[in-house]
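Chain by chain, the residues run as shown.
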Amino acid sequence: MEWETVIGLEVHVQLATTTKIFSGASTAFGAEPNTQACAIDLAMPGTLPVPNEQAFRYAVMFGLAIDAEIGKRSVFERKNYFYPDLPKGYQTTQLESPIVGPGHVEIQLADGSTKSIRIHHAHLEEDAGKSLHEDFHGMSGIDLNRAGTPLIEIVSEPDMRSAEEAVAFARKLHSIVTSLGICDGEMSQGSMRFDVNISVRPKGTEEFGTRTETKNLNSFKFMEDCIALEVERQIDLIEDGGSVIQETRLYNGDTKVARSMRSKEEANDYRYFPCPDLLPVEIDDEFIEAVRQTLPELPDARQQRFVEQYKLSEYDAGILAADSATAHYFESTTEKCGDAKLAANWVMGEVSAHLNAEEKDITSSPVNTDMLAGLIARIKDNTISNKIAKQVFEDMWQGEGDADAIIEAKGLKQMSDTGELEKIVDEVIAANQAMLEDWLASEPDKRKKKMGGFMGPIMKATKGQANPGLVNQILAKKLNSML
Amino acid sequence: MHNLTIAELIQGLRNKDFSSVELTRHYLDRIARLDSRYNSYITVTEDIAMAQAKEADERLALGDAPALCGVPIAHKDIFCTNGVRTSCGSKMLDNFIPPYDATVVENYRKAGAVMLGKVNMDEFAMGSSNESSFYGPVKNPWNTNCVPGGSSGGSAAAVAAHLAPASTATDTGGSIRQPASLCGLTGLKPTYGRVSRWGMIAFASSLDQGGPLTRTAEDAAIMLNTMASFDAKDSTCVDQPLEDYTAGLNNSLQGLRIGVPKEYFGEGLEAQTGERVQAAIKEFEKLGAEIKEISLPHTDLSVPAYYVIAPAECSANLSRFDGVRYGYRCEDPKDLNDLYKRSRGEGFGEEVKRRILVGSYALSAGYYDAYYRKAQQVRRLIKQDFVDAFNEVDVIMGPTATSPAFEFGAKSSDPVAMYLEDIYTIATNLAGLPGVSIPCGLVDNKPVGLQLIGNFFAEGKLLNAAHQFQQVTDHHKQTAPDID
């Protein structure tokens, strides 16, 4: 039987506010445990929450970015459960009246097609602390620095049909929230975490299969692997005559092993009710319009602008426009070197490859836009070939200075002196009589290809610095004159 | 000195009739000598009191004295006090020393008041008799076989026994007004949002409100002047201009429209209590007020609605007491569940556990609509009753409690009988309105109270009416026997 995968995502996005959602404590990552938890975060008796306006502004920005209706009256509720890293014994979140209503996000797939993924809603809530199970001799430690960090939880409709779509959607959300500047996007620090709801059904049927939820994935790669594994598990189960049970699962991305965490029967009754310490938050049109005025350019709009302004392909524009840092790097390089096509190739090629290899962010690239533009300028004026340029780029990456300095210091300047090149071509032809005989004897339509045989020795003789286009012209002229 | 009102103490201190050190010493000595009879204090803060009194005397000498400079008061042990154990009447917080002051405590400190100590209360303010305190029951100074009312029983007994000139208190369903009624005091519950809840340990957040217990309406006005504030740390605090509540005390009551709800005089009201209340209302007629019978048709639904909403909120509010970060933790927990179960099982008393269970049940999947949502709908109807009534009248009057103080044990085995104790006070909490109880006579040598309910933020008008009544009557001057 042919199976169809159905995927929905719940995405937790930590908002980049400087203070917590209901207290004045700092949200900075990486501090000593419990040094960024004030009396409110510790749920000391008698303390009360006061909402952080910036968190609302950020949530509204997200809502506007996905073309959603903004909840004019948004209500916080208490979600009750006991856990040591949940100091109040309830999480303050939203249920019936979230701040962001239904919206949609467009994704592009590798085959060039696009698809719209519906967002059910997004709500504001507070993050919990962390339980630390090492170094406490059989006990657990609790770090409440993260407790009270503002989150928006984005809940999609079950609109995705493959791991590829799910990852494209996740990447798009990452691109939107980082472009808006409402999240730092640092997945390894937990700034974005994904819960994936997965089910399978026979292709062509309408009814959804029983779903499982895998919680807290924090990398696109883990998500992709986890979906593949879970889809296979569900199909095997059903094909072996069993059935999928609704449960919450955990996936370990390092060992690539998933396990059941709890079944539906063991699920908590969260006993939601409106939080009496917080009044409903009324958001008026004036506030929404003011936020709209501050919205930066969003990835989709930027992509279209890149296509029109720089004549890039949709695909290239999509990659360069996905996050604002990359987009800025590309545009800055283009402005300085005056060649968008070359700039795009270099950013998506060497720059991106080097960043990935070293797990660096583009903002901390050792090759800045001045240096890259300088390099591209030398390619354009034929000072160096593409091949040499890659070598110069590597040297720039290693901190050996800018392109001109490296070209000068290493004598990499391309030979474009016609007289000198003619001399070298003559010498190479003279030294390779067998190759010449062969060329002269070959069929006319093979001659062009066979001419390439002379290029190797010529390049060797010039240490790779010969201008290949020029060499080709000279070589063709000389050989043809011998026919 | 211990027979003087706050108004008289402020005058005496400024006239140098006595110093704050003398006054404070006098009260501390009385507490040491007499409180074993009443058990009204949980913690006496002698060192703090004497230091504050000394500082107050210095400021008085310099002529730089804020409103309550040198006046000793007691704080209900529900208000967090920086560096001083704040128990909320519970074993759970027997070891809890907050690193911060409640806004109410801070307001009094800034106004120069002297803190005598922390007074007893029903555990987590849950109770109407002060029998649920971990620190033992408080006795009514008028009759020590009887309860002082609750939950602010310690506050009321301390003021009635003249072991404090005034006390802070809180009222979630009648916890200021009912003890005021049973102990012959003036007790004011302000409009919800008038007094900051920051640092006031929560029972039911949408109903809790701090207020004063005093001997006179004038003292209540003076106390409220300091207690009321807009506090950005409490999101439910209302940003309403502050007023001087003493300014209108002497206004005439000519033409004041008083509504008397017929539902407040039905079955359940002890006959003589009803007579005292009716007689008091007649007194207002002599002062120029017009009396009119009104109806608050949903009155009988207020107790059931309250006993869904208050337990539901408390079930979440008390989840933080889990033995993890502060407060009581059981010995040698075997694992996390054992830690939770035994810390909470051993740390909370019976009434608190009952309400957590009731509240958790009312919020459970499948029951939410039938209980919690329905109770919130009823709450809106009750509020609407008052909105309609205040279109026709300025003040609503009736009994505060169904009877004078009852004996220990009389209702403690029957939770529903105990809950009905607050039948006349609960509706104002559900509606968020201010209410005040003032003494209006004795039944069997025990005081009974008249309740005045006002419109939102009409504390000034309520205190004006109460003060005018106290100018022509002397019920408030009656004191409990043997307090000297």
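Up top is the structure.
Residues numbered from 1 in each chain as written. Chains lettered and ligands numbered in written order. Predicted model: local features only at pLDDT ≥ 70, side-chain atom pairs only at ≥ 80, totals over all residues. Heavy atoms only, no water.

> Is there a simple way to explain the sheet that holds strand 6 (residues 114-126) of chain A in this structure?
Consider a sheet: its strands pair through backbone hydrogen bonds, and that pairing is either parallel or antiparallel. Residue and element names in this part refer to chain A. Taken in spatial order, the eight strands of this open sheet run 5-6-9-1-10-11-12-13, and their pairing is mixed. The open sheet is flanked by strand 5 (103-108) and strand 13 (257-263), the only strands paired with a single partner. Across the sheet, the mean angle from the axis of one strand to that of its neighbour is 30 degrees, orientation sign disregarded. For strand 1 (residues 3-14) and strand 9 (residues 150-156), the ladder comprises five bridges, and the chain directions are antiparallel. Note on strand 9: the bridge partner recorded for Val 13 is Ile 152. Sheet strands touched by helix 3 (residues 220-239): strand 1, strand 10 (192-202), strand 11 (212-217), strand 12 (247-252) and strand 13. Its angle to strand 10, the strand with the most contacts, is close to 25 degrees. (Pairing = 2+ DSSP bridges. Helix = DSSP H or I, 4+ residues; strand = E, 2+ residues; numbered from the N terminus. Axes fitted to C-alpha atoms, helices over the stretch in contact; angles between N-to-C directions. Contact = heavy atoms within 4.5 Å.)

> So what exactly am I meant to see when it comes to the pairing of strand 1 of chain A here?
Looking along a regular strand, one sees the side chains alternate between the two faces of the sheet. All names here are of chain A. With twelve of twelve residues buried, strand 1 is to be regarded as a mostly interior element. Going residue by residue along strand 1, you find Trp 3, Thr 5, Ile 7, Leu 9, Val 11 and Val 13 tucked away on one face and Glu 4, Val 6, Gly 8, Glu 10, His 12 and Gln 14 tucked away on the opposite face as well. In the sheet, strand 1 pairs with strand 10 via eleven bridges, with the strands oriented antiparallel. Within strand 10, the position partnered with Val 6 by the bridge is Ser 199. (Buried < 20%, exposed > 50% of the residue type's maximum accessible area, 1.4 Å probe, protein only.)

> Sorry if this is basic, but what is going on with the packing of helix 9 (residues 302-317) of chain B against helix 11 (residues 350-363) of chain B here?
The relative placement of two packed helices is expressed as an angle between their axes plus a distance between the axes. All names here are of chain B. It is the contact of helix 9 with helix 11, at a shortest axis distance of 7 Å, that shows an interaxial angle of 100 degrees. Comparing their axes, helix 11 and helix 9 come out roughly perpendicular. Contact residues: Tyr 307, Val 308, Pro 311, Ala 312, Cys 314 and Ser 315 in helix 9; Arg 355, Ile 356, Val 358, Gly 359, Ser 360, Ala 362 and Leu 363 in helix 11. For the contact of helix 9 with helix 11, the residue count by class is nine nonpolar, three polar and one charged. (Parallel < 35°, antiparallel > 145°, perpendicular 65-115°, else oblique. Nonpolar A, V, L, I, M, F, W, Y, C, P; charged D, E, K, R; others polar.)

> Hey, could you run me through the packing of aromatic side chains in this one?
How two aromatic rings sit relative to each other is set out by the distance from centre to centre and by the angle between their planes. For the structure shown, the criterion picks out 27 aromatic pairs over all chains. Ring geometry for A:Tyr81 versus A:Tyr270: centroids 5.7 Å apart, planes at 70 degrees, classification edge-to-face. Of this pair, A:Tyr81 sits in the loop between strand 3 (77-80) and strand 4 (90-93) while A:Tyr270 sits in the loop between strand 13 and strand 14 (273-274), and the two are 189 residues apart along the sequence. Among the aromatic residues, those joined into a cluster by ring pairs are B:Phe96, B:Phe124, B:Phe321, B:Tyr326 and B:Phe348. Here A:Arg447 stacks its cationic end above the ring of A:Trp439, 5.9 Å away from the centre of that ring. (Phe/Tyr/Trp six-rings, centres within 6.5 Å; stacked < 30°, edge-to-face > 60°. Lys NZ or Arg CZ within 6 Å of the ring centre and 35° of its normal.)

> Before we go on, may I ask you to explain the packing of helix 13 (residues 433-441) of chain A against helix 16 (residues 468-482) of chain A in this structure?
All names here are of chain A. The geometry of helix 13 relative to helix 16 is characterised by a closest axis approach of 10 Å and an angle of 70 degrees between their N-to-C directions. As far as their axial angle goes, helix 16 and helix 13 are roughly perpendicular. Contacts between helix 13 and helix 16 involve Leu 436, Trp 439 and Leu 440 from the former and Leu 479, Asn 480 and Met 482 from the latter. Its residues placed into classes, the contact of helix 13 with helix 16 shows five nonpolar, one polar and no charged.

> Teacher, can you tell me more about the side chain of B:Ser175 here?
Here B:Ser175 is to be found in the loop between strand 4 (167-171) and helix 6 (177-183). Aside from chain neighbours lying at most four places away, what touches B:Ser175 is B:Lys76, B:Ala125, B:Gly127, B:Gly150, B:Ser151, B:Ser152 and B:Thr170.

> Help me out: how do you make sense of the interface of chain A and chain B in this one?
As a measure of interface size, the accessible area lost when the parts come together is often cited. Each partner contributes residues to the interface: chain A has 32 residues there, and chain B has 39 residues. Both faces combined, the contact of chain A with chain B buries some 2800 Å², and carbon together with sulfur accounts for 59% of it. Run the count over chain A and chain B and you get two salt bridges. Remark: the boundary between chain A and chain B carries 15 residue pairs in polar contact (both at pLDDT 80 or more). Here the residues of the side of chain A that touches chain B sort into 22 nonpolar, four polar and six charged. (Buried area = accessible area lost by both parts, 1.4 Å probe. Salt bridge = Lys/Arg side-chain N within 4 Å of Asp/Glu carboxyl O. Polar contact = N/O pair within 3.5 Å; in protein donor to acceptor, adjacent residues only side chain to side chain.)

> For this particular structure, what's the right way to read a negative patch on the surface?
Residues and elements named next belong to chain A. On the surface, Glu 232, Asp 236, Glu 239 and Asp 240 cluster together into a patch of negative charge. Within the element layout of this structure, Asp 236 appears in helix 3. A relative accessible area of 39% means that Asp 236 is categorised as partly exposed. (Patch = residues over 30% accessible without salt bridge, like charges linked within 9 Å, V, L, I, M, F, W, Y side chains within 5 Å. Areas by Shrake-Rupley, 256 points an atom, 1.4 Å probe, with all protein chains shown as cover. Lys, Arg positive; Asp, Glu negative; His and termini not counted. Charge placed at Lys NZ, Arg CZ, Asp CG, Glu CD.)

Shape is all these values report; function is a separate question.
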